[in-house]
Amino acid sequence: MPVGGGIELADVPQPDPGPGQVLVRVAGAGLCHSDVTIARVPDFYGGGPFTLGHETAGWIAGWGPGVVGLEEGAPVVAHAEWGCGGCATCRRGDERLCPVVAPIAGAGLGANGGMAEYLLVPAARYLVALGDLDPRDAGPLDDAALTPYHAIRRARDELVGGSLAVVIGAGGVGHMAIQILKAVSAATVVVVEPNEARRSFALDLGADVAVHPDDDLAGQVRALRPDGASVTFDLVGTDATLALAASVASPRGRVVLIGTKLGSFSFNLLSLPWECRLHTSYAGEPRELEEVVALARAGHITVHTRHLDLDAVPAAIASLERGDHGVGRAIAVP
Ligand SMILES: [Zn+2]
Ligand SMILES: [Zn+2]
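Residues numbered from 1 in each chain as written. Chains lettered and ligands numbered in written order. Predicted model: local features only at pLDDT ≥ 70, side-chain atom pairs only at ≥ 80, totals over all residues.

(A) Examining the overall build of the chain more closely. Helix and strand content of the chain: 10 helices and 13 strands. Here the C-alpha radius of gyration of the chain, 19 Å, is about what a compact globule of 334 residues would show, namely 20 Å. For the chain, the C-alpha atoms occupy an extent of roughly 60 × 40 × 40 Å along the three principal directions. Among the 334 residues that make up the chain, the fraction classed as buried is 49%. Counted over contacts in the chain with a minimum sequence separation of 6, partners at least 24 positions apart contribute 73%. (Helix = DSSP H or I, 4+ residues; strand = E, 2+ residues; numbered from the N terminus. Rg over C-alpha atoms; globule rule 2.2 N^0.38 Å. Buried ≥ 20, exposed ≤ 12 C-beta atoms within 10 Å, placed from the backbone. Contact = placed C-beta atoms within 7 Å.)

In structure tokens:
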């Protein structure tokens, strides 16, 4: 991302790891709809310039003084959200919320990310070993899988037997959310998605029902569970999807906003069922990324990928914005 926003291809120098830092040779970096938003609100991310890419996996290529215990060539996935590591928030394990580096910092999120030959990671604690997983396909385990995993963990009290989860948006994050819900919860999973190919893909991944957003979602949800949805994950975040999420919510249920389209929902005492919570959810932490990697290694979740060259990234991000990006996750391979 150049200074002031937008997306362009540029030559960057190969980074040199300093004390505590680790250099990763990039195998692939996932393209995310939030790259569209990041390029559009550059001031939130420090103004640029920096390399995009917050879903990166690769091989350890070197490290600076003070780093111990790494093996050159070992495959890893890099956690993108980097805190200061020393403040009270970081020390309780919420580095993604670190107030010292606020509002936001990390790979492709203000600092240089993984859409390049090399990624410089500030500390070894942000790397999770992939074992036998192929790093060319593993970058989206961070973000595309970690973000819904963290949100689903927070909602686990609602995702019990007889519960119903709605996933709005079956793109890159959505296709992981469906698999994670099926792997770790007993909820019936209803997917909302306008694109027919992605609806049918959602059913292939284990969703119980896939609905077009114009096709009486509230009626279909309430036919399955008269109370409504126990939890709705809005992975899009427009005015329309937030209204849809509110329309299916149950009393004491949850609406979780993850999608980056920056739409709004007018909130008052009567706009949601009683005691329904509406909150955002942001990324996750390395200890949760380890759990996501374990789910993938056990075969419970799979990132469905297609690969493209770095010079094809600007066009692919434009297609994410238009919504004609196909199924699964596109991965830039340097
Ligand atoms: Zn993302
Ligand atoms: Zn901190």
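(B) Here's a closer look at the pairing of strand S9 (residues 229-234). The buried fraction of S9 is high, at six of six residues. Here strand S6 (residues 164-168) pairs with S9 via four bridges, running parallel. Bridge pairing in S9 links Val 166 to Thr 232. Where S9 meets strand S10 (residues 249-257), five bridges bridge the pair, whose relative direction is parallel. The partner of Thr 232 across the bridge, within S10, is Val 255. With respect to chirality, the unit in which S9 leads through helix H8 (residues 239-248) into the neighbouring parallel S10 is right-handed. (Pairing = 2+ DSSP bridges. Right-handed = clockwise from strand over helix to strand, strands pointing away.)

(C) Examining the sheet that holds S10 more closely. In spatial order, the strands read S8-S7-S6-S9-S10-S11; together these six strands make up an open sheet with parallel pairing. Bordering the open sheet on either side are strand S8 (209-211) and strand S11 (277-280), each of which pairs with just one other strand. For this sheet, the mean inter-axis angle between neighbouring strands, taken without regard to orientation, is 15°. Relative to S8, strand S7 (residues 188-192) runs parallel, the two sharing three bridges. (Axes fitted to C-alpha atoms, helices over the stretch in contact; angles between N-to-C directions.)

(D) Local environment of the pairing of strand S1 (residues 22-30). When you tally the buried positions in S1, you get eight out of nine residues, the bulk of the element. Sheet topology note: the S1/strand S2 (residues 56-63) ladder contains seven bridges and is antiparallel. Bridging across to S2, Val 24 finds its partner in Ile 60. Two strands pair when backbone bridges link them, and S1 and strand S4 (residues 118-121) are joined in this way by four bridges, in the antiparallel orientation. Looking across to S4, one finds that Val 22 is bridged to Val 121. Relative to strand S13 (residues 329-333), S1 runs antiparallel, the two being bridged by two bridges.

(E) Spatial organisation of the environment of Arg 322. Mapped onto the fold, Arg 322 is located in helix H10 (residues 313-322). The spatial distance from the C-alpha of Arg 322 to the C-alpha of Ala 218 is 26 Å, given a sequence separation of 104 residues.

(F) Just the nonpolar core, in detail. With 102 residues, the main nonpolar core has Ala 78 and Val 167 as its most contacted residues. Counting only domains with at least three residues in this core, you end up with domain 1 (22-140 + 285-333) and domain 2 (146-280). Setting aside anything within four residues of it in sequence, one finds Ala 78 in contact with Val 24, Thr 56, Ala 57, Ala 107, Gly 114, Leu 119, Val 121, Tyr 126, Leu 127 and Asp 142. (Core = buried A, V, L, I, M, F, W, Y, C linked by C-beta atoms within 7 Å. Domains from an automatic or database assignment.)

Coordinates in, geometry out; function isn't part of it.
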